[in-house]
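# Descriptive analysis of the structure
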Amino acid sequence: MAPRGRRRAAVVGLSVRAAALRPAAAWSSTRTWWPRRRVAVSATSSSRSRVLVIDCHDSYSQNVAAWVASAWRDVYGSAEESCRAWWPTVVAHDDAGLREALSCRESGERFLREWEALVLSPGPGHPARGADFAETAAGLALKAAPAELPILGVCLGHQGLAWHHGARVGALAVPRHGMVDPVRVVAGAQLLRGLPQGFGATRYHSLTVREDDALRRSPLVVSAPARGG
C-alpha cells in the first residue's frame, strides 16, 4: 500500500488476507464450453485440471485458459504432455446451467467445492453492473465461494474481486490502452513471486481499483501497484 501523500497508483495485484493458494496435485476435468449454451457443468470429466474459468465474454479468455493449462502442466505434468490434457473448464458467465448451479449460496458453495481453483476472466463493462458482472455467474460465484477456494481475477475479474470485497472501482483519468508501465512488487507477494522488481507490464484497461480508505478497510492486500492510475 502506498503511503499517504504519495502519487496515486493503479492497483494491479490484490490478494485476500490470510488466504492460501493451494492447488492440489490431483486434477481431473477439461472441456471448453462456449457462450450462451445451457450446459451441465461438472468437475468430473476426463481431463487432468479441475480449474473453472468463468468467461466474461472476452477474446482474451482463451489466452488465460491456455496459460492456466501450461502452468498446471509444468507443475504437475511433464514437458512431453500436451497442454490440452490440462485445459481448464471454460464456461460463459451468462450460461444458464452455470447460473443455476450458483443460484443460491448453499448449492453454489457445494458446486464450487468440486473445483480446485476459480479464474474470473477479462471482459467489458463495470463490475457493479448486473449484466457485466455482478449478477452473472462471475458475481454469483464470489458470493458462494468457500473461503479456502483459490480465486484469480484478470482485468474485469480482478476489478470484480475488489468490488465484491468493498473496494471502489472507477475510471482512470487516461485509459491505459497498450501502455507499458513498471510494476512494483510488494515484498512477500506470492502471486508475482520470481518476477523482477519494476518489470514492464503492458496494460489495456480504462478502470482501476482505487487505493483509498475503502480498499484499506477491505480484507484485500495490495501486492503490486503501478503508476499512472
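Looking at the protein chain as a whole, the pLDDT averages 82, with 79% of positions reaching at least 70. Taken together, the stretch residues 1-10 has pLDDT below 50 and engages in 20 contacts with residues farther than four places along the chain or on a different chain. Note on residues 15-39: pLDDT under 50 across the span, and 84 contacts to partners over four residues away in sequence or across chains.

This brings us to the sheet that holds strand β2 (residues 51-55). Taken together, the four strands give an open sheet; going across it, the order is β3-β2-β4-β5, and neighbouring strands pair in parallel fashion. At either margin of the open sheet sits one strand with a lone partner, and together these are β3 (89-92) and β5 (151-153). Adjacent strand axes in the sheet meet at a mean angle of 20° when their direction is disregarded. Sheet topology note: the strand β4 (residues 117-120)/β5 ladder contains three bridges and is parallel. Opposite Leu118, over in β5, you have Ile151 as the bridge partner. Sheet contacts for helix α1 (residues 61-76): β2, β3 and β4; angle to β2, the most-contacted strand, approximately 170°.

Taken together, the buried positions of helix α3 (residues 105-112) are occupied by Ser107, Gly108, Phe111 and Leu112. Within α3, the buried residues cover an arc of 135° as seen down the axis, which keeps them to one side. Opposite the buried face of α3, by more than 90 degrees, sit the exposed residues Arg105 and Glu106. Packed against the buried residues of α3 are β2, α2 (96-101) and α5 (137-144).

What follows is about the packing of aromatic side chains. Inspection of the entire model under this criterion finds two aromatic pairs. Ring centres of Tyr60 and Trp67 lie 5.5 Å apart, and the angle between their planes is 75°; this geometry places the pair in the edge-to-face category. Of the residues examined, Tyr60 reaches a relative accessible area of 38% and is grouped as partly exposed. The ring of Trp87 is capped by Arg84, whose NZ or CZ atom sits 4.3 Å from the centre of that ring.

This next bit is on helix α6 (residues 156-164). The element α6 is extensively covered by neighbouring structure, given that seven of its nine residues are classed as buried. When α6 is considered as a whole, its buried residues turn out to be Leu156, Gly157, His158, Gln159, Gly160, Leu161 and Ala162. A positive backbone phi angle near 100° is found at Gly166, which sits one or two residues after α6.

On to the nonpolar core, then. Leu52, Ile54, Leu98, Leu102, Leu112 and Leu120 are the most contacted members of the largest nonpolar core, which has 22 residues in total. The set of elements that each furnish at least two residues to this core consists of β2, α3, β4, α5 and α6. Sort the elements by how many residues they give to this core and α5 lands first, with six residues. Counting residues in hydrophobic clusters, the runner-up holds 12 residues, among them Val51, Trp87, Val90 and Val119.

With that settled, the discussion passes to the state of the cysteines. Scanning all chains against the criterion turns up zero disulfides. Cysteine Cys56 shares no disulfide, and the gap to the nearest cysteine sulfur, in Cys155, comes to 9.7 Å. For Cys155, a relative accessible area of 29% translates into the label partly exposed.

Mapping Pro182 onto the fold places it in strand β6 (residues 169-183). In this structure, the C-alpha to C-alpha distance between Pro182 and Phe199, residues 17 residues apart in sequence, is 5.3 Å. Residue contacts for Pro182: discarding those within four places in its chain leaves Gly198, Phe199, Gly200, Ala226 and Arg227.

Cut-off values and rules
- Residues numbered from 1 in each chain as written.
- Predicted model: local features only at pLDDT ≥ 70, side-chain atom pairs only at ≥ 80, totals over all residues.
- Heavy atoms only, no water.
- pLDDT = per-residue confidence, 0-100.
- Contact = heavy atoms within 4.5 Å.
- Pairing = 2+ DSSP bridges.
- Helix = DSSP H or I, 4+ residues; strand = E, 2+ residues; numbered from the N terminus.
- Axes fitted to C-alpha atoms, helices over the stretch in contact; angles between N-to-C directions.
- Buried < 20%, exposed > 50% of the residue type's maximum accessible area, 1.4 Å probe, protein only.
- Arc of directions from axis to C-beta.
- Phe/Tyr/Trp six-rings, centres within 6.5 Å; stacked < 30°, edge-to-face > 60°.
- Lys NZ or Arg CZ within 6 Å of the ring centre and 35° of its normal.
- Core = buried A, V, L, I, M, F, W, Y, C linked by side-chain atoms within 4.5 Å.
- Disulfide = S-S within 2.5 Å.

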